[in-house]
Amino acid sequence: MFAVAWALFAICAVAGFLVLAAYWLDVQDRPDLTFRARLGWSLAILAFPVSVPVYAFWGGPGWPPFLRAVSLVPSVAVVLLLAFFLGVFT
C-alpha cells in the first residue's frame, strides 16, 4: 500500500505544480480583473489547496469541467503528504 500511495503522491505533486502554474497564468491573463483583483488572486496562491479550487469553481474563469476537477489535485497532494507525516501508510 505504501508504494501505491507514494506513487500517487508523486504524480499529484508534479501535476499540482502544473496546476499552480496554470492558475497563476490564468489569473495574470484575464483582462476583466482589476490590478487589485489580480494581486489578490496571485497572493491567494499561498493558500493553494483552497484557493485554486475556489478560483476554478467560483472565480469565474470559465474553466471546462476537466480542468475544474484537476484543480483539486494540489489538495490531494497535500492530504497525501499529511497522511505520510501522520503514519497512515505503513
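Keep in mind that this is a model prediction, so the values were computed, not measured.

Some remarks on a nonpolar patch on the surface
Logical step 1: Taken together, the side chains of Val50, Val54, Phe57, Trp58 and Leu72 present a nonpolar region at the surface, about 510 Å² in accessible area.
Logical step 2: Looking at the secondary structure, you find Val54 in helix H3 (residues 48–58).

As for the pattern of salt bridges
Logical step 1: This model, assessed by the stated rule, comprises one salt bridge.
Logical step 2: Across the salt bridge formed by Asp32 and Arg30, the nearest N and O atoms sit 2.8 Å from each other.
Logical step 3: The exposed category is assigned to Asp32, whose relative accessible area is 55%.
Logical step 4: Taking relative accessible area as the criterion, Arg30 reaches 10% and is therefore assigned buried.

A few points about the packing of helix H1 (residues 2–29) against helix H5 (residues 73–85)
Logical step 1: Axis separation between H1 and H5 bottoms out at 8 Å; the angle between their running directions is 140 degrees. One element, H1, and the other, H5, form an angle in the oblique class. Between H1 and H5 lies a crossing of left-handed hand. On H5, the residues that touch Phe2, Ala5, Trp6, Leu8, Phe9, Cys12, Ala13, Ala15, Gly16 and Val19 of H1 are Val73, Pro74, Val76, Ala77, Leu80, Leu81 and Phe84.
Logical step 2: Among the residues forming the contact of H1 with H5, the class breakdown is 16 nonpolar, one polar and no charged.

A closer look at the environment of Pro64
Logical step 1: With respect to the helices and strands, Pro64 occurs in the loop between H3 and helix H4 (65–70).
Logical step 2: Assessed through its relative accessible area of 43%, Pro64 is described here as partly exposed.
Logical step 3: Sequence separation between Pro64 and Ala5 is 59 residues, and the spatial gap between their C-alpha atoms is 28 Å.

A short note on the packing of aromatic side chains
Logical step 1: For the structure on display, the rule yields ten aromatic pairs.
Logical step 2: Here the aromatic rings of Phe9 and Phe84 are separated by 5.8 Å at their centres, their planes lie at 80 degrees, and the arrangement is edge-to-face. Remark: Phe84 occurs in helix H5 and Phe9 occurs in helix H1; sequence separation between them is 75 residues.
Logical step 3: Overall, Phe9 belongs to the buried group, its relative accessible area being 14%.
Logical step 4: The exposure class of Phe84 is buried, given its relative accessible area of 16%.
Logical step 5: An angle of 45 degrees between the planes, with centres 5.9 Å apart, marks the rings of Phe57 and Trp58 as tilted.
Logical step 6: Residue Phe57 is classed as partly exposed on the basis of its relative accessible area of 36%.
Logical step 7: Feature note: the residues Phe2, Trp6, Phe9, Phe84 and Phe89 constitute an aromatic cluster, connected by ring pairs.

Cut-offs and rules
Residues numbered from 1 in each chain as written. Predicted model: local features only at pLDDT ≥ 70, side-chain atom pairs only at ≥ 80, totals over all residues. Heavy atoms only, no water. Patch = residues over 30% accessible without salt bridge, like charges linked within 9 Å, V, L, I, M, F, W, Y side chains within 5 Å. Areas by Shrake-Rupley, 256 points an atom, 1.4 Å probe, with all protein chains shown as cover. Salt bridge = Lys/Arg side-chain N within 4 Å of Asp/Glu carboxyl O. Helix = DSSP H or I, 4+ residues; strand = E, 2+ residues; numbered from the N terminus. Buried < 20%, exposed > 50% of the residue type's maximum accessible area, 1.4 Å probe, protein only. Axes fitted to C-alpha atoms, helices over the stretch in contact; angles between N-to-C directions. Parallel < 35°, antiparallel > 145°, perpendicular 65-115°, else oblique. Left-handed = near helix turned anticlockwise from the far one by under 90°. Contact = heavy atoms within 4.5 Å. Nonpolar A, V, L, I, M, F, W, Y, C, P; charged D, E, K, R; others polar. Phe/Tyr/Trp six-rings, centres within 6.5 Å; stacked < 30°, edge-to-face > 60°.

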